[in-house]
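# Structural description and commentary
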Amino acid sequence: MGTLLGGLLKLQAVERQLAQVRGRKRTRLNIIRVQEGKVELLRKEQDQLHQRILSRRKDSDQLTLDLKTREDHVSKLRTSLNSAKTNKEYAAILTQLNGMKADNAKIEEQALIVMQDAEAVVGEEAKSQERIAQEQARLEEMKKFTSDELARLETMIESLSAQRAEAAKDVPATALTAFERIAGNYDGEGMANIEIRGNKPPYDYVCGGCYMSLNAEHVNALRTRDEIRTCDNCQRILYLKEDGK
Ligand SMILES: [Zn+2]
């Protein structure tokens, strides 16, 4: 194998490791992010419950205030009832008084329902806070567990990046650009081995990256020339193994 493809192969070996380690780091960070999202969602739910409690309490206060005004009115009606001059007047006040009392009873009932609802939501909020505490604790646990692993992966990334920079020095700029573009799409695998199928000529040639068949022209060229040829399907840079038939 020539220096161009040989250099690229060395680069790919490092690039693949780098992509793998970066993938592991991403996975770890994702797990944390998912848990953070869970905690955040629970906090939003808790906030909604809290707003509901506040709104219910406000409703309850308003109903209590209304009731107080209405009860004052009932007292006044009672006084008027006692000082009624005629039977007709008495009957009219009595009707008004009874109507008011019936309405007040309804309002009282309504106030009770509102208060009960507020209490139920208080219970829900307490449960929600408990869940938040649990999930937050899980998150902290995960972060603690992951921090060592992340630090280890970061060290590996640094070391591999240095190796990668070293390997890239041996590769001409245009070839490096082509490799990086393709490797970026395939987790560091910018190159593909040409697989040779069959026991005797004519052989079939297949791209080791995407397994689509390849024109024999690629193989013939690579046997004699150290150059960049890409798979027509996946665009990976093709190479022949040393023992290629
Ligand atoms: Zn391919």
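Refer to the structure printed above.
The notes below deal with the structure included here. Just so you know, these numbers come straight off a predicted model, no measurement behind them. (Residues numbered from 1 in each chain as written. Predicted model: local features only at pLDDT ≥ 70, side-chain atom pairs only at ≥ 80, totals over all residues. Heavy atoms only, no water.)

Moving on to the packing of helix α1 (residues 3–82) against helix α3 (residues 173–185). Where α1 meets α3, the axes come as close as 11 Å, and the angle between the chain directions of the two elements is 35 degrees. α3 is crossed by α1, and the crossing has right-handed handedness. For the pair α1 and α3, the contacting residues are Leu 4, Leu 8, Leu 11, Gln 12 and Glu 15 in the first and Ala 175, Leu 176, Phe 179 and Ala 183 in the second. Its residues placed into classes, the contact of α1 with α3 shows seven nonpolar, one polar and one charged. (Axes fitted to C-alpha atoms, helices over the stretch in contact; angles between N-to-C directions. Helix = DSSP H or I, 4+ residues; strand = E, 2+ residues; numbered from the N terminus. Left-handed = near helix turned anticlockwise from the far one by under 90°. Contact = heavy atoms within 4.5 Å. Nonpolar A, V, L, I, M, F, W, Y, C, P; charged D, E, K, R; others polar.)

Our focus in this paragraph is the coordination of the zinc ion. At the metal site, the zinc ion is ligated by Cys 207 (SG), Cys 210 (SG), Cys 231 (SG) and Cys 234 (SG), and these contacts range over 2.2 to 2.3 Å. Viewed at the metal, the four donor atoms of the zinc ion are separated by angles of 104 to 116 degrees, and the geometry they form is tetrahedral. For the zinc ion, the single-chain donor residues occur in sequence as C-x2-C-x20-C-x2-C. With respect to class, Cys 231 is no different from Cys 234; both count as buried. (Donors = N, O, S within 2.8 Å, 3.2 Å for Na, K, Ca; no water. Tetrahedral: all angles 85-135°; square planar, octahedral: opposite > 155°, others 65-115°. Buried < 20%, exposed > 50% of the residue type's maximum accessible area, 1.4 Å probe, protein only.)

So, about helix α4 (residues 216–224). Side chains that are three or four residues apart share a direction in an α-helix, a result of its 3.6 residues per turn. Turning to α4, its buried residues are His 218, Val 219, Ala 221 and Leu 222. Axial view of α4: buried residues confined to an arc of 165 degrees, hence all on one face. Against the buried residues of α4 lie α1, β1 (191–197), β2 (204–207), β3 (213–214) and β4 (237–239). (Arc of directions from axis to C-beta.)

This part covers unusual backbone geometry. A negative phi angle characterises most non-glycine residues, just as the trans form characterises most peptide bonds. For the peptide bond that leads from Pro 201 to Pro 202, omega is -5 degrees, which places it in the cis range. Within the fold, Pro 202 resides in the loop between β1 and β2. In this structure, Asp 187 is a non-glycine residue whose phi angle is positive, near 50 degrees. The exposed category is assigned to Asp 187, whose relative accessible area is 57%.

As a further point, take the packing of aromatic side chains. Per the counting criterion, the structure on display carries zero aromatic pairs. Looking at Arg 236, its charged tip hangs above the ring of Tyr 186, at a distance of 3.7 Å from the centre. (Phe/Tyr/Trp six-rings, centres within 6.5 Å; stacked < 30°, edge-to-face > 60°. Lys NZ or Arg CZ within 6 Å of the ring centre and 35° of its normal.)

Turning our attention to α3. In this model, α3 (13 residues) spans 19 Å end to end at C-alpha, consistent with the 18 Å of a helix rising 1.5 Å per residue. Among all positions in α3, only Ala 175, Leu 176, Ala 178, Phe 179, Ile 182 and Ala 183 are buried. Along α3, the residues classed as buried sweep out an arc of 165 degrees about the axis, all on the same side. Structural note: α3 exposes Ala 173, Thr 174, Arg 181, Gly 184 and Asn 185 on the side pointing more than 90 degrees away from its buried face. Of the surrounding secondary structure, the elements contacted by the buried residues of α3 are α1, α2 (87–168), β1 and β4. (Expected span 1.5 Å × (residues − 1).)

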